Amino acid sequence: MTPLRTGTAAERVVRALRAAPVPAALVVLVALSGVVLGRVYADPLPARLMAGAAAGSVLVGVAARRLPSWLVAPLSVAALTGWTLLSLRLAAAHAALPGGLGEVAADAARNAIPRLLTAMIPVEPAPDTVLVPVVAAWLAGLTAAEVALRAGRVLLGYLPSALLYAGALYVVGPNADPAIGPTVLFAAVAAAGLAAAGRRDGPAPDPVAGLTPAVRAAVRLRLVAASAGGLAVVVALAALLAPVVAAQVDERPVDPRRYVEPPKVESLDENPLIRISGWALNPDQRLLDVRTVAGAGDGGPPRIRLAVLSDYDGVTWRVGATYRNAGRILPAAEPAPGTDTDEVRQQITVGDLTGRLLPAVPTPREVTGARVAYDPATGTLIRPEGLAPGLRYEVSSVRERPDPNLLSTANVPAGDEVARVLRVADGAPEPLRRLATQLAESNGAPYARADAIATFLAEHYRVTADAPSGHAYPNLAFFLFGPRNGGGQRGTSEQFAAAFAVLGRLTGLPTRVVVGFEPKGDGPVRAADAYAWPEVLFDGVGWVPFDPMPRPDSEPRPVEEDFRPQPEDPPPSEVPAPTEEPSATPPAAASAPGRGESGLGTPVLVGGGVGGLVLLVGAVLAALYAMRRRLTRSRLDAGDPRARVAGAWRELTDALRLAGHPVGPDLAAAEVSERARRVLAGARATRPGAVPAAGSREPGSDVPVHGPGGGRMPGPEGDVGELAGLVNRVAFAPGSVDPAQADRAAAVAADYVAALRAARSRPGRLLWSLHPGPLRWRR
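Residues numbered from 1 in each chain as written. Predicted model: local features only at pLDDT ≥ 70, side-chain atom pairs only at ≥ 80, totals over all residues. Heavy atoms only, no water.

## Here we look at the overall build of the chain
So, step 1. Along the backbone of the chain there are 24 helices and 17 strands.
So, step 2. Out of the 779 residues in the chain, the part that is buried amounts to 43%.
So, step 3. Partitioning the contacts of the chain with sequence separation of at least 6, the portion at a separation of at least 24 is 78%.
So, step 4. Of the roughly 40300 Å² of accessible surface on the chain, a fraction of 60% belongs to carbon and sulfur atoms. (Helix = DSSP H or I, 4+ residues; strand = E, 2+ residues; numbered from the N terminus. Buried < 20%, exposed > 50% of the residue type's maximum accessible area, 1.4 Å probe, protein only. Contact = heavy atoms within 4.5 Å. Areas by Shrake-Rupley, 256 points an atom, 1.4 Å probe, with all protein chains shown as cover.)

Listed below in structure tokens is the structure:
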């Protein structure tokens, strides 16, 4: 009995070995998809996880081959769940992501596909970037095992593996070298699996055995004809498709990432330069807490960069960056030759800073504790989920220090690659161009031009915290050339950095504006530390920051001392005046009264001139009054409900500005409404009898005091809060405002304007109606 058992065991081993090539081939085919896809990852972890999924799914199919088919799917799904959770745990540990396994798995399930297609190359292995490949590999292996092993259709069982392999090639796209080796190996393994599946013990049975000779000959003829026909079809397809396939060899593969939009920054983050003035007015606001773990060196506390603004259209500086999801390790760029570098590692805790932009010392190389998206062109970070108070992350950066000896002789690049940072928007004011030309006349070298611009700004202008925000061409022209006693020639770092960047581009320098913070050291980073500075790009050196800010306790020189403005009118002609030809009439006779034509008397001329001047002034005042009335009506009555609510809000803010209490762009709607209440209360306190009666209309005003329906509305100072609520609704839910609410907003604004105007003196009310300010103020 013993030899019989040995022979039976040996037969089983032989049968198992004969059956092993097909499952092994399926495992290798699925695992090769992981090899191809792993070329765009920064670590081989995804390829290993896909190989494990391939082996696990096929082994489950082999083990359950003798079980009913309806049991295979539940068993495989249970095994898939276990392997997927293990893969997510390994990926989370690799990426050093915080949170439990359930939280990580839920986040990966929600965002796996978009994050995989928007991730930056090379992709950092993380739960959301390995989930789809692992699940796809398992399902492909399970389907292939069921078709090839249970149904015995080996060639058809290769289809899931081939589709997975094609999908991996498509996802990789042009971001890696051609996968020639894995493709050849894929074909070889598939052929070996087919050969092993077709091998039989002993001679193959004759399909026509037992038939009569005539029938046997007919069957064999049909088999030969079918084989010849199939061969002809294959040759024809090869002849037709070979040129098409050959033409695609040198073509660049399609990148599927171009069909998926990467994370975008919000409008507040697109131009953080406008936040400088608001931070300057609240200097004690605690935005961050910084602790330096390593580095900093002898150069003092490093600047923390928030955003890089490279695009300027004459109105606004914008970030214009393309952020792609990144892992813990960020792509490293080689520093310029001769540049000293040192590593700075900081732990940053977010306080009152809002938005998505993530502060970091330039240039970041590793981020832990927060999921980030990265723009390699500018080296800036965002957190797609947005910042939250208490968020703590650690960032390791490489701070570059260019060799100052190279700057004096360094040139600046030109061409399409830097056209973005050389572009000068249309409409640059002529004085701005003349100033740039004057500064470049005596400074030929690029660094000398940049230094001349920085020195000019530092010596002629003053830093003030209450300067209004704005860096459009008109704002910069007023900052540079406006009267000093009228608010000109002073500003925050916003105006200094923007003016430097625009003047630099006008002189041919590639420039950009950077917004960040200049902390005094470890500890809280407050709003007073917010800072904007310009940078210039030099060949062989990189981006170099400049400081156009005035030195402390320095008195600025008048701009007129060093800027030579050209006269607007051309100089008088040097051609000598023509000599007067002799007159036939003697002078005495020509001037004698009663002879010839008699001129108008002086009183008549003076009276006519004064009358014409009065008519001209009256026409101008009437035109101003009509334009003001038309502006009010267009705001309150024209457009859809959303536009009417916005117009009512502009009426209120213009009224505050006319009353001498302008509101800054950094105030929320609720804060503006509170200020409006205080302004009206103060105006009534100084002139208590000036409030008009209900239903009346102020003389010379087109704004009624009563509300809709003719009834007196509640006190205007109590209704501006309702208007602020409608403005917030327009901003965050535009479609939720109906016409009735727009009517209410118009009535509230009209009542408030009338009440505030009525609280002024009679000359003040007249000037209110004729003031041209609302016609030209920016809206």
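## Some remarks on a nonpolar patch on the surface
So, step 1. Residues L613, L616, V617, V620 and L621 make up a contiguous nonpolar surface patch of roughly 430 Å² in combined accessible area.
So, step 2. On the secondary structure map, V620 appears in helix 18 (residues 602-637).
So, step 3. Note on V620: relative accessible area 43%, which makes it partly exposed. (Patch = residues over 30% accessible without salt bridge, like charges linked within 9 Å, V, L, I, M, F, W, Y side chains within 5 Å. Salt bridge = Lys/Arg side-chain N within 4 Å of Asp/Glu carboxyl O.)

## What to know about the packing of aromatic side chains
So, step 1. Considering all chains together, one arrives at 12 aromatic pairs under this definition.
So, step 2. Residues W279 and F517 carry aromatic rings whose centres are separated by 5.7 Å and whose planes lie at 45 degrees to one another, so their mutual orientation is tilted. Separated by 238 residues along the polypeptide, W279 in helix 11 (residues 275-281) and F517 in strand 14 (residues 511-517) bring together distant segments of the chain.
So, step 3. Classification of W279 by relative accessible area gives buried; the value is 5%.
So, step 4. Aromatic side chains Y531 and W533 sit 5.7 Å apart centroid to centroid with 25 degrees between the ring planes, which places their arrangement in the stacked category. The burial state of Y531 is the same as that of W533; both residues are buried.
So, step 5. Ring pairs connect the aromatic residues Y447, F500, F538 and F546, which therefore count as one cluster.
So, step 6. Here R303 stacks its cationic end above the ring of W533, 4.6 Å away from the centre of that ring. (Phe/Tyr/Trp six-rings, centres within 6.5 Å; stacked < 30°, edge-to-face > 60°. Lys NZ or Arg CZ within 6 Å of the ring centre and 35° of its normal.)

## Notes on the sheet that holds strand 7 (residues 357-358)
So, step 1. What the four strands build is an open sheet, ordered 5-9-10-7; its pairing is antiparallel. Both edges of this open sheet fall to strand 5 (324-326) and strand 7, since each of them pairs with a single strand only. (Pairing = 2+ DSSP bridges.)

## Description of the pairing of strand 2 (residues 304-309)
So, step 1. Of all six residues in strand 2, six are buried, a share of seventy percent or more.
So, step 2. As paired strands, strand 2 and strand 14 are joined by five bridges and run antiparallel to one another. Looking across to strand 14, one finds that R305 is bridged to G516.

## Some details on the sheet that holds strand 16 (residues 530-538)
So, step 1. Taken together, the four strands give an open sheet; going across it, the order is 2-14-16-17, and neighbouring strands pair in antiparallel fashion. This sheet does not close on itself; its edge strands, each paired only once, are strand 2 and strand 17 (542-545). Direction aside, neighbouring strands of the sheet carry axes that sit 35 degrees apart on average. (Axes fitted to C-alpha atoms, helices over the stretch in contact; angles between N-to-C directions.)

## What about the side chain of T363?
So, step 1. For T363, the position within the fold is in the loop between strand 7 and strand 8 (364-368).
So, step 2. Of the residues examined, T363 reaches a relative accessible area of 18% and is grouped as buried.
So, step 3. When residues no more than four places from it in sequence are discounted, the contact partners of T363 are R305, Y374, G379, S396, S397 and V398.

## Brief notes about the pattern of salt bridges
So, step 1. Scanning the model with the defined rule gives 23 salt bridges in all.
So, step 2. Of the charged contacts in the structure, one is a salt bridge between D342 and R399, with a shortest N-O distance of 3.1 Å. Of this pair, D342 sits in strand 6 (residues 340-350) while R399 sits in strand 11 (residues 392-401), placing them 57 residues apart in sequence. Accessibility assignment for this pair places D342 and R399 in one class, buried.
So, step 3. R644 is paired through a salt bridge with D743; the nearest N and O atoms lie 2.4 Å apart. With R644 in helix 19 (residues 641-658) and D743 in helix 22 (residues 739-758), this residue pair connects regions lying 99 residues apart in the sequence.
So, step 4. When salt bridges that share partners are traced, they join R328, E343, R345, E366 and E394 into one network.

## Comments concerning the confidence of the model for the chain
So, step 1. Averaged over every residue, the pLDDT of the chain is 81; the share at 70 or more is 83%.
So, step 2. Residue range residues 1-6 is modelled with pLDDT below 50. Its contacts to residues more than four positions away, or to other chains, number zero contacts.
So, step 3. Throughout residues 690-713 the model reports pLDDT below 50, and contacts reaching past four residues in sequence, or to other chains, amount to 50 contacts. (pLDDT = per-residue confidence, 0-100.)

## Notes on the packing of helix 15 (residues 473-481) against helix 16 (residues 493-506)
So, step 1. Between helix 15 and helix 16, the shortest axis-to-axis distance is 10 Å and the interhelical angle comes to 105 degrees. By the angle between their directions, the pair helix 15 and helix 16 is classed as roughly perpendicular. Judged by residue contacts, Y473, L476, F479 and L480 of helix 15 engage Q495, F496, A498, A499 and V502 from helix 16. (Parallel < 35°, antiparallel > 145°, perpendicular 65-115°, else oblique.)

## A short note on helix 4 (residues 69-95)
So, step 1. With 27 residues, helix 4 extends 39 Å from end C-alpha to end C-alpha; this agrees with the ideal 39 Å at 1.5 Å per step.
So, step 2. Of the surrounding secondary structure, the elements contacted by the buried residues of helix 4 are helix 3 (45-63), helix 5 (101-118) and helix 6 (127-150).
So, step 3. Two residues or fewer after helix 4 comes A96, characterised by a positive phi angle close to 55 degrees. (Expected span 1.5 Å × (residues − 1).)

## A look at the packing of helix 22 against helix 23 (residues 762-770)
So, step 1. Contact geometry of helix 22 with helix 23 gives a least axis separation of 9 Å together with a crossing angle of 140 degrees. Between helix 22 and helix 23, the interaxial angle falls into the category oblique. In this structure, helix 22 contributes V753, L756, R757 and A758 to the contact, and helix 23 contributes R765, L766, W768 and S769.
So, step 2. Here the residues of the contact of helix 22 with helix 23 are counted per class, giving five nonpolar, one polar and two charged. (Nonpolar A, V, L, I, M, F, W, Y, C, P; charged D, E, K, R; others polar.)

## Topic: the nonpolar core
So, step 1. Ranked by internal contacts, the top residues of the largest apolar core, which has 84 residues, are W279, W317, L353, Y393, F517 and F538.
So, step 2. The greatest single-element share of this core, amounting to eight residues, is contributed by helix 16.
So, step 3. By size, the runner-up hydrophobic cluster in this structure holds 47 residues, among which are V40, Y41, A119 and A168. (Core = buried A, V, L, I, M, F, W, Y, C linked by side-chain atoms within 4.5 Å.)

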